[in-house]
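What follows is each chain in one-letter form.
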Amino acid sequence: MTTHVVTPPRSLREAWIALAGLSAVFLFEMLDNSILNVALPTIGRDLHASTTALQWVSNSYAVVFGGLMLVFGAVADRFGRRRVMLAGLALLGAASLATLFVTSVGGLIAVRSVMGVAAAMTTPGSIALAFRLFQGDDLRVRAMTLISTVGLVGLAIGPPLGGFLLAVAPWQALLLVNVPIAVLAFAGIGRGVGPDTDLHREPADYLGGVLGTVTIVLALAVPTLFVEGSSLAWAAAALTVVAAVAYVVRARTASHPLLDLKLVAHPLVSAGLAYKAATGLAAAGLTYLVTLQLQLDWGWSPALAAAGMLPQVVVLIAAGPVVNRFVEWAGLNRGVRLGSLAVVAGLAVYALFGRLGYLPVATALVLVAIGIRVVGAVAGVTVLKGLPENRTSIGAALVDTASQVTSAAGVAVSGTVLAVLFAGGIAQPGWSAGQTARFEQAVTVGGLALTAMAAALAGWAYVRSRRAH
């Protein structure tokens, strides 16, 4: 019997079909939340959503995505990355089409949650499959750079694209954009990527996955419960601690833990994850606050607000070659430190001066975008350098989990501050002078909270990275 040996592609061009599909997956991940943020005021008015409900329209996707990513990473390693990704893309297309039938904010949150499940099924495998396509490290790095660039373009064009679509179509069109992306990804991966041949046969720690997911979801839900004055708030907080302790105990005692905590404790891994977490927190929290400020406080139309996000768009799209040269000059460690410093500085500028006019808002957007570009190019490499070669898939899932969970935390912090300080329906027109003052106060308080959290993460990452040398 003759075994057919598949020759690995010798260039990116030879693998363009697969790379188009994998890039489309990353495009969906980065575009989805960014394109929806600009429509939040419109959605709030159309569906009569409260401030808390509006927060969960944005947050539910990231919470489910971040909570389930490690679980589906383990599932994909055992049942096939390609198979799980294709199933996730089919689910994404179906959930996006279901937006046409949404008539309530609860229905929209449910649709967004299903999209989060689809993202968790597709994203962890994208990096692993990109590495599988090629033999040489040079081609692997170039492929990952291409895929990451497409994702950053999605992050950058999301707000302006959303604003321009809202000028000519209802808000549902913003989620229907996912349908052609899912079709492109399904076709590219289905045709360009072969079935997995290196699946793990060790049993998966699904109990650990459940405990980890419960911990993440509860941790992000508890602040909202306290703001609402729910009688379940303290019980949920206690349950969060119990679930977290149970997860750690399970990870330390299981024969085949879902995530070996000793790997996460490696200085390079923990530092890279913390740097990535700082940028995820900053990007989501800042975009959420600026979007509401431009439209609700300053009265800008969605299209004008989209134009107001262009400084961030230009930096994220155009800075690639400059960032590569900067990282070559500064080195990985110094480069990622300076990138995280730009993120913290941008948040501080917005918190202290953002209410005074558009110039400080634009400055904050540019500084945070520079930091995102630099840290995005370095943090993942830092994490993978600290892991064994056979654990790069879980490393890729960890990087995305850190980004998504802290993105949800950024929106949760911003939304919670707004819910505490702002009285009345935030999406309703005709604010009083008192409401305007309280919103501007919320911008300052929320911005300072984000600044402090990002600075703490970046500082801890710096300390950890020094221990690796």
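Source: prediction; values computed, not measured. (Residues numbered from 1 in each chain as written. Predicted model: local features only at pLDDT ≥ 70, side-chain atom pairs only at ≥ 80, totals over all residues. Heavy atoms only, no water.)

On to the side chain of Thr213. Residue position: Thr213 is located in helix α9 (residues 206-227). Owing to a relative accessible area of 15%, Thr213 belongs among the buried residues under this scheme. Apart from the residues within four sequence positions on either side, Thr213 is in contact with Gly67, Leu68 and Val71. (Helix = DSSP H or I, 4+ residues; strand = E, 2+ residues; numbered from the N terminus. Buried < 20%, exposed > 50% of the residue type's maximum accessible area, 1.4 Å probe, protein only. Contact = heavy atoms within 4.5 Å.)

We now examine helix α12 (residues 267-297). Across its 31 residues, α12 extends 43 Å between first and last C-alpha, which sits within 8% of the 45 Å expected from 1.5 Å per residue. Where α12 ends, the next residue or the one after it, Gly299, has phi of about 75°, a positive value. (Expected span 1.5 Å × (residues − 1).)

Our next topic: the confidence of the model for the chain. When pLDDT is averaged across the chain, the result is 82; 91% of the residues are at 70 or more. Model confidence for the chain, summarised as mean pLDDT per element, is weakest for helix α6 (residues 137-166) at 74 and strongest for helix α16 (residues 332-353) at 92. In the predicted structure, residues 1-5 sits below a pLDDT of 50 and forms zero contacts with residues beyond four places in sequence or in another chain. (pLDDT = per-residue confidence, 0-100.)

As a further point, take the packing of α12 against helix α19 (residues 433-467). For the pair α12 and α19, interaxial distance at closest approach is 8 Å and the crossing angle is 165°. As summarised for this structure, α12 and α19 are arranged roughly antiparallel, according to the angle between their axes. The element α12 and its partner α19 pack so that their crossing is left-handed. Tallied by class, the residues present in the contact of α12 with α19 amount to 19 nonpolar, seven polar and four charged. (Axes fitted to C-alpha atoms, helices over the stretch in contact; angles between N-to-C directions. Parallel < 35°, antiparallel > 145°, perpendicular 65-115°, else oblique. Left-handed = near helix turned anticlockwise from the far one by under 90°. Nonpolar A, V, L, I, M, F, W, Y, C, P; charged D, E, K, R; others polar.)

On to the layout of surface pockets. By volume, the second largest pocket amounts to about 790 Å³. What lines the second largest pocket is a set of 31 residues, among which Leu70, Ile216, Leu259, Leu398 and Thr401 lie closest to the centre. Listed by contribution, the elements that provide at least two residues to the lining of the second largest pocket are α3 (51-79), α9, α10 (233-253), α11 (261-264), α12, α18 (392-421) and α19. The leading source of residues in the lining of the second largest pocket is α9, at eight residues. (1 Å grid on protein atoms, 1.4 Å probe; cavity = no way out; pocket = protein on both sides within 12 Å on 5 of 7 lines; lining within 4 Å. Points joined across faces, edges and corners; volume = space filled by probe spheres on them.)

In this model, α16 (22 residues) spans 32 Å end to end at C-alpha, consistent with the 32 Å of a helix rising 1.5 Å per residue. The complete set of buried residues in α16 reads Gly335, Val336, Gly339, Ser340, Ala342, Val343, Val344, Gly346, Leu347, Tyr350 and Ala351.

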